[in-house]
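Structural overview for review
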Amino acid sequence: MILEFNRLLKEKKISSKELTKKYLNAIKNVDDELNSYVTVEEEFALNSADVVDEKIKNNEEISPLEGIPFTLKDNISTKGIKTTCCSKILENYLPIYDAFVWERLKENNAILLGKANMDEFAMGSTCETSYFKGAKNPHNTKCVAGGSSGGVTAAVGAGIAAYGLGSDTGGSIRQPSSFCGVVGLKPTYGAVSRFGLIAFASSLDQVGPIATSAQDAALVYDEIALKDNKDTTSTGLKEKTFPHLNDEISGVKIGIAKEFFSYVDEEVKAKVDEAIKTYEKLGAKIVEISLPSLDFSLVVYYIIASAEASSNLGRYDGIRYGIRANSYGSIHEMICKTRSEGFGREVKRRILLGTYVLSSGFYDAYYKKANLVRGKIMREFKDAFKSCDVILTPTSPTTAFEAGYSKKDPVLNYMADICTVPVNIAGIPAISFPCGISGSNLPIGVQLIGPHFSEAKLLNMANIFEKETNRCYFKKVLKGVYPDEI
Ligand code: GLN
């Protein structure tokens, strides 16, 4: 879609301002029910569009992302624009600097429509831990969008943002992408700078694109996967992914590990099996692999992520950022009250859990052991990639659950990540893209996992699959802007 919009802009069939207005109107029409945006920046978006239109008027070259409206998850810092992490504690926080990824898109004159809803501090799988009302699923608003990047995936799936950026610590780009029928890429750890991404678990967090197609995801990814000196873990990606989108995939070896299918719904499994058959038809070879330590991934993830979160979230103390309790006696009471009032239940649960596993006496039993198992999981992936090029799994064991259901059954939240967390633990890349629709009309996602820095291969495999299956999952809600309408 991005390249088609780009062509329409260049051919002056539509202006960036017209396109932006259509998106803003569509947000007004559908987002009351969907709640995918927590901040809409109408004036900012229209002014940014003017800059692009001026360039087009003067017959200047424009890059693919220029003039095209998109959204950012609300944990990506935007200078002067509210960045709340959907937490009360940062309700009115205005960052004083831009995240690296936003800087990159800004340089490209991409049009930021607003900031998207998310689980509070990216902790959750439904978007329902958001301090604001959670985002709903564009395919059925009685269901959740997934999480934690549920606002971005709902907006992209509903057609009210051309694409977006989310963050993924244990599945937060991929799981909601699978629930909302869009494409989500979790990059190799280090490929994208985390500068300005509000930290949840620093050894796991990555920013990545969420789009309606693999091609769009590649275009966006190539702009953000660059080395940044402000993040010491940043490496960037050596080669662009876009030129590889149509590479031949016949002969590619796809690994299937039964461990990934243990808790999966029959309906999801059936569609994932169909995806495997499609790849076989395209000439891929299926090989059986085994990742025996996978069963420990969820435990390892929740120990490591909570430990890092408990440390990262120490900075919200009523002194440096965000809100401060109104009445208090001592400084100790001020910090205590600010944190008690400012954080939601899930965030508190993780801070407590994290503090516990790091405390002396329990450190060796939990945190240290989790890190040892982390090493084992990494080695198992490394070994697996000796016999296959990519690993195919379901993205999530189920389709989107009913809104409110996860509160009744909290385990459901954690189980939703079972196929995605191993990827973050190993620091490798993975992509989720739609592979079918369930009987109740909800999208089903398939995940491809690759070795470090194999993003080009993953996007290539997803792109070829999309072309073969040729199905559109996002809602075309704007009128008169899609290339086939003009
Ligand atoms: N759902 C997972 C969690 O709650 C993953 C979140 C994420 O990737 N940010 O921790």
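The present account deals with the structure reproduced in this document.

1. Section: the sheet that holds strand β13 (residues 443–449)
- Spatially, the eleven strands line up as an open sheet ordered β1-β3-β2-β6-β8-β7-β12-β13-β11-β9-β10, and their pairing is mixed. Two strands close off the open sheet at either side, each with one partner strand: β1 (37–40) and β10 (285–289). Between one strand axis and the next, the sheet turns by 30° as a mean value, whatever way the strands run.
- Judged from the six bridges that link them, strand β6 (residues 163–168) and strand β8 (residues 206–211) form a sheet pairing that is antiparallel.

2. What about the pattern of salt bridges?
- A full pass over the atoms with the stated rule returns 20 salt bridges.
- Note that Lys-17 and Asp-50 form a salt bridge whose closest N and O atoms lie 3.2 Å from each other. With Lys-17 in helix α2 (residues 16–34) and Asp-50 in helix α3 (residues 42–57), this residue pair connects regions lying 33 residues apart in the sequence.
- Take Lys-17: its relative accessible area is 27%, and that puts it in the partly exposed class.
- In this structure, Lys-376 engages Glu-380 in a salt bridge whose closest nitrogen and oxygen atoms are separated by 3.7 Å.

3. Looking at the side chain of Asp-53
- As for its position among the elements, Asp-53 is in helix α3.
- In this structure Asp-53 is buried but unpaired, with Lys-17 as the nearest side chain of opposite charge at 6.7 Å.
- Within the local environment of Asp-53, its side chain forms a polar contact with the backbone nitrogen of Lys-17, the two atoms lying 3.0 Å apart.
- Setting aside chain neighbours within four positions, we find Asp-53 in contact with Ser-15, Ser-16 and Lys-17.

4. Digging into unusual backbone geometry
- Of the consecutive residues Gly-147 and Ser-148, the connecting peptide bond is found in the cis state with omega at 10°.
- With respect to the helices, strands and loops of the structure, Ser-148 is situated in the loop between β5 (140–144) and α5 (150–157).
- Positive phi, close to 70°, is recorded for Asn-441, a residue that is not glycine.
- Phi is positive for Phe-453, close to 60°, though the residue is something other than glycine.
- Within the element layout of this structure, Phe-453 appears in the loop between β13 and α16 (455–469).

5. Comments concerning the site of the ligand
- Taken together, the neighbourhood of the ligand is formed by 15 residues, with Thr-169, Gly-170, Ser-172, Tyr-301 and Arg-350 sitting nearest.
- Here Tyr-301 contributes a side-chain N or O atom positioned 2.6 Å from an oxygen atom of the ligand.
- Contact with the protein chains removes 100% of the 290 Å² of surface that the ligand exposes when unbound.
- Here the shell around the ligand is composed, by residue class, of five nonpolar, seven polar and three charged.

6. Some points on the environment of Ile-331
- Mapping Ile-331 onto the fold places it in helix α10 (residues 331–342).
- For Ile-331 and Asp-317, which are 14 residues apart along the polypeptide, the C-alpha to C-alpha distance reads 9.9 Å.

7. Quick look at the pairing of strand β3 (residues 111–116)
- Burial of β3 is extensive: six of the six residues sit out of reach of the surface.
- Sheet topology note: the strand β2 (residues 69–73)/β3 ladder contains five bridges and is parallel. Residue pairing across strands places Phe-70 opposite Leu-112, the latter belonging to β3.
- After leaving β2, the chain enters helix α4 (residues 100–107) and then returns to the sheet as β3, a path that is right-handed.

8. Regarding the packing of aromatic side chains
- Here the structure, examined in full by the defined rule, presents 21 aromatic pairs.
- Among the aromatic residues, those joined into a ring-pair cluster are Tyr-93, Phe-121, Tyr-316, Tyr-321 and Phe-343.
- We note Lys-230 situated over the ring of Phe-195; from NZ or CZ to the ring centre the distance is 4.8 Å.
- Note that Lys-238 overlies the ring of Phe-453, its terminal NZ or CZ placed 5.3 Å from the centroid.

9. Side note on the nonpolar core
- Membership of the largest hydrophobic core comes to 150 residues, with the highest contact counts inside it found for Phe-121, Tyr-163, Phe-260, Tyr-279, Phe-381 and Ile-391.
- Among the elements that make up this core, the one with the highest residue count is helix α9 (residues 297–312) (nine residues).
- Leaving out residues up to four positions away in the same chain, Ile-391 has contacts with Gly-255, Phe-260, Ile-289, Leu-291, Phe-381, Ala-384, Phe-385, Gln-447, Leu-448 and Ile-449.
- If you look at the next biggest cluster of nonpolar residues, it comprises eight residues, including Val-144, Phe-179, Ala-400 and Phe-401.

10. What to know about α10
- Along its twelve residues, α10 runs 16 Å from first to last C-alpha, staying within 8% of the 16 Å computed at 1.5 Å per residue.
- Among the residues of α10, those classed as buried are Met-334, Thr-338, Arg-339 and Gly-342. Projected onto a plane normal to the axis of α10, the buried residues spread over an arc of 120° and lie on a single side.
- Against α11 (345–358) lie the buried residues of α10.

11. Some words on a nonpolar patch on the surface
- A cluster of nonpolar residues, Tyr-356, Phe-362 and Tyr-366, forms a patch on the protein surface that exposes about 270 Å² of accessible area.
- By the secondary structure assignment, Tyr-356 is in helix α11.
- Of the residues examined, Tyr-356 reaches a relative accessible area of 38% and is grouped as partly exposed.

12. As for the environment of Glu-468
- Mapped onto the fold, Glu-468 is located in helix α16.
- Relative accessible area serves as the criterion here: at 35%, Glu-468 is assigned to the partly exposed category.
- For the pair formed by Glu-468 and Lys-281, sequence separation is 187 residues and the distance between their alpha carbons is 10.0 Å.
- A distance of 3.0 Å separates polar atoms of two side chains, one belonging to Glu-468 and the other to Lys-281.

Thresholds, definitions, all that
- Throughout this document, residue positions are counted from 1 along each chain, in the order its sequence is written.
- Note on the predicted model: pLDDT of at least 70 is required for a residue's local features to be given, and 80 or more for side-chain atom pairs to be given and counted; whole-chain, interface and lining totals, by contrast, use all residues.
- Side-chain numbers here rest on the full set of heavy atoms in the structure, without hydrogens or water.
- Think of it this way: DSSP has to see at least two bridges between two strands before they count as a pair.
- Numbered from the N terminus, helices here are DSSP runs of H or I no shorter than four residues, and strands are runs of E no shorter than two.
- For helices, the fitted line uses only the C-alpha atoms of the stretch in contact; every axis is such a line through C-alpha atoms, and the angle between N-to-C directions lies from 0 to 180 degrees.
- In what follows, salt bridge is the name for a side-chain nitrogen of Lys or Arg lying within 4 Å of a carboxyl oxygen of Asp or Glu.
- Relative accessibility decides the category of a residue: with a 1.4 Å probe and only protein chains considered, values under 20% of the type maximum give buried, values over 50% give exposed, and everything between is partly exposed.
- We score Asp and Glu as negative and Lys and Arg as positive, and we do not count His or the chain ends.
- A 3.5 Å cut-off defines polar contacts: any pair of N or O atoms within that distance qualifies, except that in protein one atom must be a possible hydrogen donor and the other a possible acceptor, and neighbouring residues in sequence count only when both atoms are side-chain atoms.
- Two residues qualify as a contact provided that any one of their heavy atoms is within 4.5 Å of a heavy atom in the partner residue.
- Near residues are defined by distance, with any heavy atom within 4 Å of the molecule or strand qualifying the residue.
- Areas reported here follow the Shrake-Rupley algorithm with a probe of radius 1.4 Å; residue values treat only the protein chains shown as occluding.
- Residues are sorted three ways: Asp, Glu, Lys and Arg are charged, Ala, Val, Leu, Ile, Met, Phe, Trp, Tyr, Cys and Pro are nonpolar, and all the rest, Gly among them, are polar.
- A right-handed crossover is one whose linking path, passing over the helix from the first strand to the second, runs clockwise when the strands point away from the viewer.
- Stacked, tilted and edge-to-face are the three classes assigned to paired rings of Phe, Tyr and Trp, where Trp is represented by its six-membered ring and a pair needs centres within 6.5 Å; plane angles under 30 degrees give stacked, over 60 edge-to-face, the rest tilted.
- Counted as over-ring charges are cases with an Arg CZ or a Lys NZ within 6 Å of the ring centre that also lie within 35 degrees of the ring normal.
- Residues belong to one nonpolar core when they are buried, are Ala, Val, Leu, Ile, Met, Phe, Trp, Tyr or Cys, and are joined through side-chain atoms within 4.5 Å.
- A helix is expected to span 1.5 Å multiplied by its residue count minus one.
- The arc in question is the one traced by the directions running from the helix axis out to the C-beta atoms.
- Exposure above 30% relative accessible area and the absence of a salt bridge qualify a residue for a patch, where like charges join within 9 Å and nonpolar side chains (Val, Leu, Ile, Met, Phe, Trp, Tyr) within 5 Å.

Geometry only, nothing functional implied.
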